[in-house]
Amino acid sequence: FGMVVLDAGEGKAITCGTAAGMKAFVRLLALPEGQFVFTHQPLDASQSRLESMALGHALFEATRQIDEIARLKPSLPEPWMEVRKARLVWPQSVTERFDREPALFELARLLDSTRTLGALLDASPLPDADLLAALDELRREGLVEVAGGTSSGRVAVLDASLARALNERIADQGGGRVVVVVDRD
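The structure displayed is predicted, hence computed values, not measured ones.

Calculation rules
Residues numbered from 1 in each chain as written. Predicted model: local features only at pLDDT ≥ 70, side-chain atom pairs only at ≥ 80, totals over all residues. Heavy atoms only, no water. Helix = DSSP H or I, 4+ residues; strand = E, 2+ residues; numbered from the N terminus. Buried < 20%, exposed > 50% of the residue type's maximum accessible area, 1.4 Å probe, protein only. Contact = heavy atoms within 4.5 Å. Core = buried A, V, L, I, M, F, W, Y, C linked by side-chain atoms within 4.5 Å. Phe/Tyr/Trp six-rings, centres within 6.5 Å; stacked < 30°, edge-to-face > 60°. Lys NZ or Arg CZ within 6 Å of the ring centre and 35° of its normal.

A. Highlighting the side chain of Q65. Within the element layout of this structure, Q65 appears in helix α3 (residues 55-72). Accessibility expressed as a relative area gives 3% for Q65, which makes it buried. Residues within four places of Q65 in sequence aside, it is in contact with M22, V26, P127, D128 and A129.

Structure (structure tokens):
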């Protein structure tokens, strides 16, 4: 799933899923659990040419980003939920900030098509914390909506009998399976 190559106390070749570098380091440190394997071997030529990351600074920055993501998490949709622009044209008060706030510009670009929150984060080299903060702001302003949910990211929950009836009807028509999300609140 992920890898951190250490060379003389500095991080190199850091990956986590499709992410690399600091973005991958933050994602790895944010994992609530996992198994770690330590091996000792010489760096291959491709790894030795990669940019090094001082671990002290990287740990400090990763902690800052993880704290920011944790602060935003209650108001964000789940990674598997689709997000999209709520309007085709955003107000000038937002678009004039694109030069100063790269995360806003990046979201405008990425939201030209509907995609899951996880895919949106994977598609950008910008830090997840920056993208999520900008997304939260745009959602609160009504410029981004969650597909299949509300602007708060909540999904409407079907009554259990209605969900069974829907599953049976789809099965009778030879359709695929239905995933029912249960809100535990």
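B. Just the environment of L88, in detail. One can find L88 in the loop between β5 (82-85) and α4 (92-95). Given the relative accessible area of 84%, L88 is considered exposed. A sequence separation of 24 residues divides L88 from D112, and the C-alpha atoms of the two residues are 8.7 Å apart.

C. Region of interest: the nonpolar core. Grouped together as the largest cluster of nonpolar side chains are 24 residues, with contacts concentrated most on W90, L107, L111, L120, L135, L138 and V144. For this core, the secondary structure elements donating two or more residues are α5 (102-110), α6 (117-122), α7 (128-140) and β7 (144-147). Of all hydrophobic cores here, the second largest spans 10 residues; its members include I14, C16, A19 and A58.

D. Inspection of the packing of aromatic side chains at higher detail. A full pass over the atoms with the stated rule returns one aromatic pair. When the ring of F98 is compared with that of F105, the centres are 5.6 Å apart and the planes differ by 75°; the resulting orientation is edge-to-face. On the accessibility criterion, F98 (17% relative accessible area) is buried. Judged by its relative accessible area of 45%, F105 falls in the partly exposed class. Against the face of W90 rests K85, its NZ or CZ located 5.2 Å from the ring centre.

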